[in-house]
Amino acid sequence: MKSFFMRLVRLIWGLFLYALGIALTLNAQIGYAPWDTFHVGIAKTVGISIGTASITVGLIIIVVTLLLKEKIGLGSLLNMLLIGLFLDLILGLNILPIANHVLVGVVMLTIGLFVISLGSYFYIGSAFGAGPRDSLMVVLTRKTGLPIGLCRGIIELAALLCGWKLGGMVGIGTALSALLIGFCVQFTFRLLKFDATQVQHQTLADTYRSLFGSPEHRAETTKESKI
């Protein structure tokens, strides 16, 4: 039980950092990442907050992935809910500066991407499952047989185009996000000596068994989820 709650704290902290990183990239004001462009576009069109748009999109994706027989974990659900809530909270408090110059924006965007990478380290390391958008990527790869990188690119491009059409900001920051996020994640993970491929994620069923199953099931599930 102690291990479970420590992992849960790690998950929530990682999701908060992820939301903080997104807020920094938004306030950079030089163009949004593809999914953020989509969320902002929906928020402007429907008249809701960015966080609510993020939660709504995440919920729809989770429903689609479940219908397509993809397993999800506790982390998938909390990712869907908490990033949006944390994002609205951070933006609502107005605690972050808003860039008024392109160079300042580039610095803020870069810092934001590293914060997102650090959040990913905590979030992925909790071993509670992939986020909704990553699950969608896996589903598309499994259903089409296309390379996972191509599937990720198709999804990101679709989100970007839809978001742009709905009024989301596309600019130099959009290109920088696409180019730098891989480097930021790789650098952060190497610095922290973290190998994401070694993490054995729990499904919702695994988490339930670890909490309420027999002692043997709990021990086995806890062992499998360790990094």
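Worth saying up front: this structure is predicted, and the values here are computed from it rather than measured. (Residues numbered from 1 in each chain as written. Predicted model: local features only at pLDDT ≥ 70, side-chain atom pairs only at ≥ 80, totals over all residues. Heavy atoms only, no water.)

Draft legend 1. The arrangement of the overall build of the chain in detail. A tally of helices and strands in the chain yields 10 helices and 0 strands. Listed by position from the N terminus, the elements making up the chain come as α-α-α-α-α-α-α-α-α-α. Against the globule reference of 17 Å for 227 residues, the chain gives a C-alpha radius of gyration of 18 Å, in line with a compact fold. With respect to the principal axes defined by its C-alpha atoms, the chain has extents near 60 × 35 × 30 Å. Counting across all 227 residues of the chain, residues that qualify as buried make up 46%. Surface summary for the chain: the accessible area is close to 11900 Å², and the carbon and sulfur share equals 71%. In the chain, which carries 17 positive and 10 negative side-chain charges, the distance between the mean positions of the two groups comes to 1 Å. (Helix = DSSP H or I, 4+ residues; strand = E, 2+ residues; numbered from the N terminus. Rg over C-alpha atoms; globule rule 2.2 N^0.38 Å. Buried < 20%, exposed > 50% of the residue type's maximum accessible area, 1.4 Å probe, protein only. Areas by Shrake-Rupley, 256 points an atom, 1.4 Å probe, with all protein chains shown as cover. Lys, Arg positive; Asp, Glu negative; His and termini not counted. Charge placed at Lys NZ, Arg CZ, Asp CG, Glu CD.)

Draft legend 2. Structural view of the environment of G163. Among the structural elements, G163 can be located in helix 7 (residues 148-165). A relative accessible area of 0% places G163 in the buried class. Between the alpha carbons of G163 and F38 there is a distance of 3.5 Å; along the sequence they are 125 residues apart.

Draft legend 3. Seen up close, the packing of aromatic side chains. Per the counting criterion, the structure on display carries 12 aromatic pairs. On the basis of an interplanar angle of 85° and a centroid distance of 5.6 Å, the ring pair of F4 and F128 is categorised as edge-to-face. One end of the pair, F4, is in helix 1 (residues 2-27); the other, F128, is in the loop between helix 5 (102-125) and helix 6 (132-144), with 124 residues separating them in the sequence. Both residues of the pair, F4 and F128, count as buried. With 5.8 Å between their ring centres and 20° between their planes, W13 and F16 make a pair best called stacked. Residue W13 and its partner F16 are located together in helix 1, separated by 3 residues, close to a single helical turn. Of the residues examined, W13 reaches a relative accessible area of 42% and is grouped as partly exposed. (Phe/Tyr/Trp six-rings, centres within 6.5 Å; stacked < 30°, edge-to-face > 60°.)

Draft legend 4. Expanded view of the environment of L146. With respect to the helices and strands, the residue L146 is situated in the loop between helix 6 and helix 7. C-alpha separation for the pair L146 and I111, spaced 35 residues apart in sequence, amounts to 33 Å. The contact partners of L146, leaving out residues within four places of it in the chain, are T141, C151 and I154. (Contact = heavy atoms within 4.5 Å.)

Draft legend 5. Local environment of a nonpolar patch on the surface. Together, L118, F183, F187, L191 and L192 give the surface a local cluster of nonpolar side chains, amounting to about 470 Å² of exposed area. For L191, the position within the fold is in helix 8 (residues 172-191). (Patch = residues over 30% accessible without salt bridge, like charges linked within 9 Å, V, L, I, M, F, W, Y side chains within 5 Å. Salt bridge = Lys/Arg side-chain N within 4 Å of Asp/Glu carboxyl O.)

Draft legend 6. How the structure looks around the nonpolar core. With 32 residues, the main nonpolar core has L11, L15 and L78 as its most contacted residues. Mapped onto this core, the elements with two or more residues apiece are helix 1, helix 4 (74-93) and helix 5. For this core, the leading source of residues is helix 1, giving 11 residues. When near neighbours in sequence (up to four residues on either side) are disregarded, L15 contacts L78, N79, L82, I83, F86 and Y123. (Core = buried A, V, L, I, M, F, W, Y, C linked by side-chain atoms within 4.5 Å.)

Draft legend 7. Layout of the environment of T52. Within the secondary structure, T52 is located in helix 3 (residues 50-67). Along the chain, T52 and H39 lie 13 residues apart, while their C-alpha atoms are 8.7 Å from each other. A polar atom in the side chain of T52 sits 2.7 Å from the side chain of S49. (Polar contact = N/O pair within 3.5 Å; in protein donor to acceptor, adjacent residues only side chain to side chain.)

Draft legend 8. Structural detail: helix 3. Taking 1.5 Å of rise per residue, 18 residues should cover 26 Å, and helix 3 covers 26 Å from first to last C-alpha, within 8% of that figure. Within the span of helix 3, buried status applies to G51, A53, S54, I55, V57, G58, I61, I62 and T65. Looking at the buried residues of helix 3, the elements they touch are helix 2 (34-46), helix 4 and helix 6. Positioned one or two residues after helix 3, K69 has a phi angle of 70°, which is positive. (Expected span 1.5 Å × (residues − 1).)

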